[in-house]
Amino acid sequence: MSEKIAPSDDIIILDNIYKAFGPVQAVRGVSLRVKRGEVVVIIGPSGSGKSTLLRCINHLEAIDSGDIWIDGIHLTHRQTDINKVREEIGMVFQLFNLFPNYTVLENIMLAQRVVRKRSKEEARRIAMENLQKVGIPEKAESYPAQLSGGQQQRVAIARALAMNPKIMLFDEPTSALDPEMIKEVLDVMLQLAKEGMTMVVVTHEMGFARAAADRIVFMDNGEKIEETTPEKLFSAPEHDRTRQFLSRILAH
Amino acid sequence: MAQSKVQSAGASSRWRRMVDPKGLWAYAVVIFGILIVLAIYFDPSYRDAFDYIWPGVQMTLFLTVTSFALSLVIGLLAGLARVSSNPILYNIATFYVETIRGVPILVQLLYVTFVIFPLFVDGLTAAGLGFTIRDVEMHTRVIFGLALAYGAFEAEVFRAGIESIDKGQMEAARSLGMSYRQAMRYVILPQAIRTVLPPLGNDFIAMLKDTSLASALAVGEITHLSRQHRNRTFTTFQPLNVAAFLYLAMTLLLTRGVRYLERRMSPNE
Ligand SMILES: Nc1ncnc2c1ncn2[C@@H]1O[C@H](COP(=O)(O)OP(=O)(O)OP(=O)(O)O)[C@@H](O)[C@H]1O
Ligand SMILES: [Mg+2]
C-alpha cells in the first residue's frame, strides 16, 4: 500500500480499526472520516473504547489492524515518521498533563523549541498569543500547581495550539473539572470550532455537542453503533442502545 | 499531689528543652569524636597512626567521587534501558542488574581487577594499543569495579524514578511531536531527578564506606593504610579508631547534606 493517497477533503480517515489490550477488544472494526474543519463528537458509555479510538488517531496506541490516513499520510505505513504526523495533531487530556516542573510559558514554549525549532523570541510570542486566546495571559509565569483545573486545561489547549496543529483531539477535557470551570473550557473549544479547527472530541457535554458538532458518533462495546447529526440524535436516535444511553446522561 | 505533678512536668520539659532525650546518641558521637581528637593531639601513638593514615583520606575521597560519577553514567544508561521497549537493551540491562546485585561487591572487585580488566586490556594490547595490563594502576581498576557494582543499584534508582512519573507526561510530550528521547530529556528526567536525588545521596555515602574494599587490593586508602599501620607498629586500637573516626566524620557530614537535599526536594516544600 502506498504511503500517500490522493488529497481529499477527508483529513482523517480511519478504516476498519481494531485494537485489543490482551483479551479486551477495545475497538472493533471502526471506520470514520472527518473532513477539514469538521467537529466530530464521540459519545458512549464508560469502557466503550472512545479514548482508545482517539488515541489511535495520533498513534498513542498502535492499532492491531486497519488503516489510518492523516492529511493524506498513511499512519500505519512503516516509513511514516510518526513524530512528524503528531506535530500536526494537538491532543488535550482529561487530566491536563501539564509539565509540573515548567512554568505555563515554558510549557507552551517547550515543544515549539525542540520540535518546531523556533527561536526563543518567536516561541514566546506565539505562546503569549495563545495564552491570550484562552484568556489567561497573566498566568504566564505561574506553575501549573498554582492554577485552577479550568485554567490548567486552558493552558493545555494553548500548548497544543502553539504547535499550529491541523487537528485537535480532546479526550473528556471537562470531566475532571468542577462545574463552575467547565464553561470556561467549553467556551474556548466553541471558539476554536467557530474558527474552523478540525476537532474530534470525546465528551459528555451535550450542550457542546449540540452547539458545535457536525456529527456525533455513538460507540458501545468497541463498536461504532451510530453516526449521525446532533439534530437527528437528540430527536430520533436510530438504535435502542443509543436511546438508552442518551436517556441516562440527559437525565442529569 | 496534683501540684507536684505539674511541677515535675515543668521541670522535665525544661530539661527536655535543653537536651532532647532522643538526641543523646548525637552527644555520644560527638564525645567519641572529641576523645579521638584529643588522643591525636596528646597521645604520640594516636598521632603516629593519624599521620600515617591521613593521606588515605584523599585516596578514599578520590575513589568515592570518581567511582560514583562513573556509576551514575552506567546507572542512568542501564536504567533507561530497563524502561526501554527495545527487548535487546532491556535484556542486557536486566542481566547486568540482576547478576551484579546478587554477587558480593568484593567478589566483583576481584573479578573486574583480575579477570575482566586484564582480558579487556590484553585484547586492546593485541590490537596494537601502546600499554599492557601492568600499566593499569590498581586504583583505576578498583574505580571501574566499584562503578560497575554501584551502577546496578543506580540503574534501579533511575528506573524507579522514571517509573514514578505519571504516564500522562510521556503521552503529552509525545503528542506534541517530541521523540521518545526528547520527551525523556526535557520532560521525564528533570522530574525524576527529584525522586532520585535522596537515594543517590545515600548511595554516595554507602560508596564512601565501600571504598574500604579496595584495601583488599592494596590501594592506599584509609582502611588499607590503617591495616599497614597495624602491621608496622603492632597497635590495633589506634589505627582502627582513627580510621573509624575519619569515616564517621565524613559520613556524618554527608548525611546532613543528604537530609538537606531531601527537605529541599520534597514536593510539599
Ligand atoms: N492501556 C490499557 N490496558 C488494558 N486495557 C485497556 C487499556 N486502555 C483501555 N483498556 C480497556 O479498553 C476498553 C476501552 O477503554 P477506553 O478507555 O477506550 O474506554 P472509554 O470509552 O474511553 O471509557 P471512559 O468513558 O471510561 O473513559 C476498556 O475495557 C478498558 O478497560
Ligand atoms: Mg476514556
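Every value quoted in this text rests on a predicted model; they were computed, and no experiment measured them.

Peer 1: What is the right way to read the site of ligand 1 from this model?
Peer 2: Residue and element names in this part refer to chain A. Lining the immediate surroundings of ligand 1 are Phe 21, Val 24, Ala 26, Pro 45, Ser 46, Gly 47, Ser 48, Gly 49, Lys 50, Ser 51, Thr 52 and Glu 172. Residue Gly 49 places a main-chain N or O atom 3.0 Å away from an oxygen atom belonging to ligand 1. In isolation ligand 1 offers 630 Å² of accessible surface; the protein chains occlude 61% of this area. Elements represented by at least two residues in the shell around ligand 1 include exactly strand S2 (24–35) and helix H1 (50–57). Of the residues forming the shell around ligand 1, the biggest block, three residues, is contributed by H1. Here the residues of the shell around ligand 1 sort into four nonpolar, six polar and two charged.

Peer 1: Looking at this structure, I do not really get H1(A). What am I missing?
Peer 2: For an α-helix, 3.6 residues make a turn, and residues three or four places apart therefore share a direction. All names here are of chain A. With seven of eight residues buried, H1 is to be regarded as a mostly interior element. Those residues of H1 that sit buried are Lys 50, Thr 52, Leu 53, Leu 54, Arg 55, Cys 56 and Ile 57. Backbone geometry just downstream of H1 places His 59 in the positive-phi region, at approximately 65°.

Peer 1: How should I be thinking about the packing of helix H3 (residues 104–114) of chain A against helix H4 (residues 120–134) of chain A in this particular structure?
Peer 2: The axes of two packed helices give the description: the angle between them and the distance between them. All names here are of chain A. Close contact between H3 and H4 brings their axes to 9 Å; oriented N to C, the two are set at 125°. Classified by the angle between their axes, H3 and H4 sit oblique to one another. Here H3 runs over H4; the crossing is right-handed. Residues Val 104, Leu 105, Ile 108, Met 109, Gln 112 and Arg 113 of H3 form the contact with H4, whose own contacting residues are Lys 120, Glu 122, Ala 123, Arg 124, Ile 126, Ala 127, Met 128 and Leu 131. Looking at the contact of H3 with H4, its residues break down into nine nonpolar, one polar and four charged.

Peer 1: Help me out: how do you make sense of the domain arrangement of chain B in this one?
Peer 2: How big an interface is tends to be reported as the loss of accessible area on association of its parts. Residues and elements named next belong to chain B. What the domain assignment lists for chain B is domain 1 (23–53 + 221–259) and domain 2 (61–219). For domain 1 and domain 2, the distance between their C-alpha centres works out to 31 Å. Residue-level contacts link ten residues of domain 1 with 16 residues of domain 2. Between domain 1 and domain 2, a total of about 1,000 Å² is buried, with carbon and sulfur atoms accounting for 75% of that surface. It is Glu 221, Leu 254 and Val 258 in domain 1 that bury the most area against domain 2; as a group they hold 43% of the surface buried on that side. Where domain 1 packs against domain 2, one counts two residue pairs in polar contact (both at pLDDT 80 or more). Those elements giving two or more residues to the side of domain 1 that touches domain 2 turn out to be helix H10 (222–233) and helix H11 (237–265). By residue number, the principal contributor to the side of domain 1 that touches domain 2 is H11, which donates six residues. Here the side of domain 1 that touches domain 2 is composed, by residue class, of four nonpolar, four polar and two charged.

Peer 1: Looking at this structure, I do not really get the packing of aromatic side chains. What am I missing?
Peer 2: Residues and elements named next belong to chain A. Taken as a whole and assessed by the stated rule, the structure comprises seven aromatic pairs over all chains. When the centroid spacing of 6.4 Å and the interplanar angle of 80° are considered together, the rings of Phe 99 and Tyr 102 count as edge-to-face. Classification of Tyr 102 by relative accessible area gives buried; the value is 17%. In this arrangement the basic side chain of Arg 210 is found over the ring face of Phe 234, its NZ or CZ atom lying 4.2 Å from the centre.

Peer 1: What exactly am I supposed to notice about the nonpolar core here?
Peer 2: Where a protein is soluble and globular, its nonpolar side chains tend to be buried together. All names here are of chain A. By size, the foremost hydrophobic cluster in this structure holds 52 residues, and its most contacted members are Ile 43, Ile 157, Met 168, Phe 170, Met 189 and Met 199. Counting residues per element, this core draws most heavily on helix H6 (residues 179–194), at eight residues. Leave out the neighbours within four places in its chain, and Phe 170 touches Leu 54, Val 92, Ile 157, Met 189, Leu 192, Met 199, Val 200, Val 201 and Val 202. In terms of nonpolar packing, the next biggest core, distinct from the first, is built from 51 residues, Val 40, Leu 53, Tyr 102 and Ile 167 among them.

So, how was this worked out
- The residue count restarts for each chain, going from 1 along the sequence in the order it is written.
- Note on labels: chains are lettered from A, ligands numbered from 1, in written order.
- The model is predicted, so local features are restricted to residues of pLDDT at least 70 and side-chain atom pairs to those at 80 or more, both for listing and for counting; the totals for chains, interfaces and linings are taken over all residues.
- In computing side-chain properties, one takes all heavy atoms of the structure into account and sets aside hydrogens as well as water.
- If a single non-hydrogen atom of a residue is within 4 Å of a molecule or strand, that residue counts as near it.
- Pairing of N or O atoms within 3.5 Å defines a polar contact, subject to two protein rules: one partner must be a possible hydrogen donor and the other a possible acceptor, and residues neighboring in sequence count only if both atoms are side-chain atoms.
- Using a 1.4 Å probe, the Shrake-Rupley method yields the accessible areas, and only the shown protein chains count as cover for residues.
- Strands here mean DSSP runs of E at least two residues long; helices mean DSSP runs of H or I at least four residues long; both are numbered from the N terminus.
- Each residue receives one of three labels: charged for Asp, Glu, Lys and Arg, nonpolar for Ala, Val, Leu, Ile, Met, Phe, Trp, Tyr, Cys and Pro, and polar for the others, Gly being one of them.
- Only protein chains enter the area calculation, which uses a 1.4 Å probe; residues under 20% of their type maximum are buried, those over 50% are exposed, and those in between are partly exposed.
- Lines fitted to C-alpha atoms define the axes, with helix axes restricted to the stretch in contact, and inter-axis angles between N-to-C directions lie between 0 and 180 degrees.
- Angular relationships are summarised with four words: roughly parallel below 35 degrees, roughly antiparallel beyond 145, roughly perpendicular across 65 to 115, and oblique for the angles in between.
- For any helix crossing, the convention is left-handed if the near helix is rotated counterclockwise from the far helix by under a right angle, and right-handed if that rotation is clockwise.
- Residue contacts are counted whenever heavy atoms from the two residues lie within 4.5 Å of one another.
- Boundaries between domains were set according to an automatic or database domain assignment.
- Take the accessible area each of two parts loses on contact, using a 1.4 Å probe, and add the two losses: that sum is the buried area.
- In this scheme Phe, Tyr and Trp rings, the latter by its six-membered ring, pair at centre separations within 6.5 Å, and the angle between planes marks the pair as stacked below 30 degrees, edge-to-face above 60, and tilted otherwise.
- Charges are assigned to positions over rings by a cutoff of 6 Å between ring centre and Lys NZ or Arg CZ, combined with an angular limit of 35 degrees from the ring normal.
- In these notes, a set of buried Ala, Val, Leu, Ile, Met, Phe, Trp, Tyr and Cys residues joined through side-chain atoms within 4.5 Å is what counts as a nonpolar core.

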